Amino acid sequence: MKKRSISKCLILFVIFIALSTSLFGCSGNKYTSISNDVKNYYTQRIALKSNDSYTFDIHEIFKDSGLEIEKYNIEPSKDKNYTVSGDTITAVGTGVSSISVTLYCPYENTRYVCSLGTLYSYDEKDFTPISTANELQSITDLNGKYILTADIDLSSIKNWEPIGNLPSENAFTGMFINPHGYKIKNLTITSSKEIFHGPYGGCCGGLFGSVTGAFLYGIHLENVQIDVSDFDGVSYSEAGAIAGLTSGTYIKDCTVTGDIKAVGRTGGIVGSVNWGCIENCTFSGSVTTNEELSAHALSDGATGAGGIAGYIGIPCPFETYQYGLIGCTAEGKITAVKNAGGIAGYIWGGDYVKNCIFTGDETDITAASTDKLFGKIQEK
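For the rest of this paragraph, the subject is the overall build of the chain. Counting its secondary structure elements, the chain contains 3 helices and 39 strands. Residue burial in the chain is summarised as follows: out of 380 residues, 51% are buried. Excluding contacts between residues fewer than 6 apart, the proportion of contacts in the chain whose partners are at least 24 apart in sequence is 76%. Only carbon and sulfur atoms are counted for the fraction: they give 51% of the accessible area of the chain, which is about 17,000 Å².

Spelled out as structure tokens, the structure:
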């Protein structure tokens, strides 16, 4: 009888463990499902000098995702551009790396693997020094890595030819950094006829013309004078002091003073931003856009003038969000025919903007559709 009682107790214990496992997910078989379907959070872009570190607040990042996270692991870098210790990554060398995290959610018996964002790491010894106007204008390796090592005055160049241009295979795709605060002064473009036009007729005015997947950090431009408003082709002109057109590019800690004019999309920092992000940049001056074109690719009205960007396109799929503008400040005169904003003229995809300020008066903004921050927002 005693043996039978012990056997019954063992059976009941096994049943109890099985039920506990089924109801509460407390066995070694947790997280048998894997998913990447994580919604309602913002990915991040991070710039770090080699050996510097950044700590993530995982629960804050995913607070609106609806997931009950028991634990998590930031995944190691596949290309060795960072190391991981708990919540903290430390940059190693120079490169651009995706950062992934695995979230363990026991109540769903699931491991969620998703992106935290992108790391842009740099080691100054990996960069080609730029210290003269001639060296700057002579950049030909569009995937190269460059560091500014002296103040540069461009007043000897009557019409600056932007670095990188249309079409996309001619865009600048590298890195240009200025961690020591040097200045580039007196960049001038007097006419759209003086700069390269792409195969479809358009042109991009700026220190850089067209930029794709690049990292531009700490660039300080003083007394920029760009006027490509005489454009009369079948496409349009875009202009911004840092770049005319960017795609998937991270621009951080740049400052600009000057006057920018174009046809279509004009911004103090960038004319047209597609994906990518502009963070902690400032502009002071005037921005003017003429959008009255009889035949061009932007007849849908996606044009404008903004203190930071003329146009921002942030089409965020799958409810995973990206900020297009973070912590930027602008002041001055913003003028357009259709859309003008102190920060951006036209935003497509939603209001993915954080902590940006126009310090001028709203009367300094002139167009059919105006706002102190954004001329027009078109939801996706």
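What follows is about the packing of aromatic side chains. Applying the stated rule across the entire model yields 12 aromatic pairs. Pairing Y42 with Y323 gives two aromatic rings, centres 4.0 Å apart and planes at 0°, and the pair type is stacked. With Y42 in strand β2 (residues 41-42) and Y323 in the loop between β30 (320-321) and β31 (325-326), the pair connects residues that are 281 residues apart, well separated along the chain. Given a relative accessible area of 27%, Y42 falls into the partly exposed group. On the numbers, 5.0 Å between centres and 80° between planes, the contact of Y54 with F56 is edge-to-face. With a relative accessible area of 29%, Y54 lands in the partly exposed category. Residue class for F56 comes out buried when judged on its relative accessible area of 3%. An aromatic cluster of three or more residues is present, and its members are Y120, Y122, F215, Y217 and Y250. Sitting over the face of the ring of Y104, K71 holds its NZ or CZ atom 5.1 Å from the ring centroid.

Another aspect to go through is the side chain of T246. Inspection of the secondary structure assignment puts T246 in strand β21 (residues 243-247). Here T246 falls in the buried class, since its relative accessible area comes to 2%. Filtering out sequence-adjacent residues up to four positions away, T246 remains in contact with V211, I251, V270, S272, V273 and N274.

A word on the pairing of strand β8 (residues 95-105). With 8 of its 11 residues buried, β8 lies for the most part within the structure. Strand direction decides the pairing type here: strand β5 (residues 71-74) and β8, joined by 4 bridges, are antiparallel. The residue of β8 that forms the bridge with K71 is Y104. As paired strands, β8 and strand β9 (residues 110-122) are joined by 11 bridges and run antiparallel to one another. Among the inter-strand pairings, S97 is bridged to a residue of β9, identified as L119. What sits between the antiparallel neighbours β8 and β9 is a turn of 4 residues, in which N109 has the positive phi angle 55°.

Another point: the pattern of salt bridges. Evaluated as defined, the whole model comprises 10 salt bridges. Across the pair K252 and D253 runs a salt bridge whose closest N-O atoms are separated by 3.8 Å. Taking relative accessible area as the criterion, K252 reaches 14% and is therefore assigned buried. Of the charged contacts in the structure, one is a salt bridge between E279 and K252, with a shortest N-O distance of 3.9 Å. With E279 in strand β26 (residues 277-279) and K252 in strand β22 (residues 250-252), this pair connects stretches of sequence that are 27 residues apart. Overall, E279 belongs to the buried group, its relative accessible area being 14%.

How each quantity is defined
Counting of residues starts from 1 at the beginning of each chain's written sequence and follows it residue by residue. It should be noted that, the model being predicted, local features are given only for residues of pLDDT at least 70 and side-chain atom pairs only at 80 or more, the latter also being counted only at that level, while totals for whole chains, interfaces and linings use all residues. Based on all heavy atoms of the structure, the side-chain values leave hydrogens and waters out of the count. Numbering of helices and strands runs from the N terminus; a helix is a DSSP stretch of H or I covering at least four residues, while a strand is a stretch of E covering at least two. The buried label goes to any residue with under 20% of its type's maximum accessible area, the exposed label to any with over 50%, and the partly exposed label to all in between, with areas taken from a 1.4 Å probe on protein chains only. Between two residues, a contact is recorded if the distance between any of their heavy atoms is within 4.5 Å. Only the protein chains shown count as cover for residues, and the accessible areas themselves come from Shrake-Rupley with a 1.4 Å probe. The pairing test for Phe, Tyr and Trp rings, Trp by its six-membered ring, is centres within 6.5 Å, and the orientation test on the planes gives stacked under 30 degrees, edge-to-face over 60, and tilted for anything in between. Two conditions define a charge located above a ring, namely a distance within 6 Å from the ring centre to NZ of Lys or CZ of Arg, and an angle within 35 degrees of the ring normal. At least two DSSP bridges between two strands are required for those strands to pair. A pair is scored as a salt bridge if a Lys or Arg side-chain nitrogen falls within 4 Å of a carboxyl oxygen belonging to Asp or Glu.

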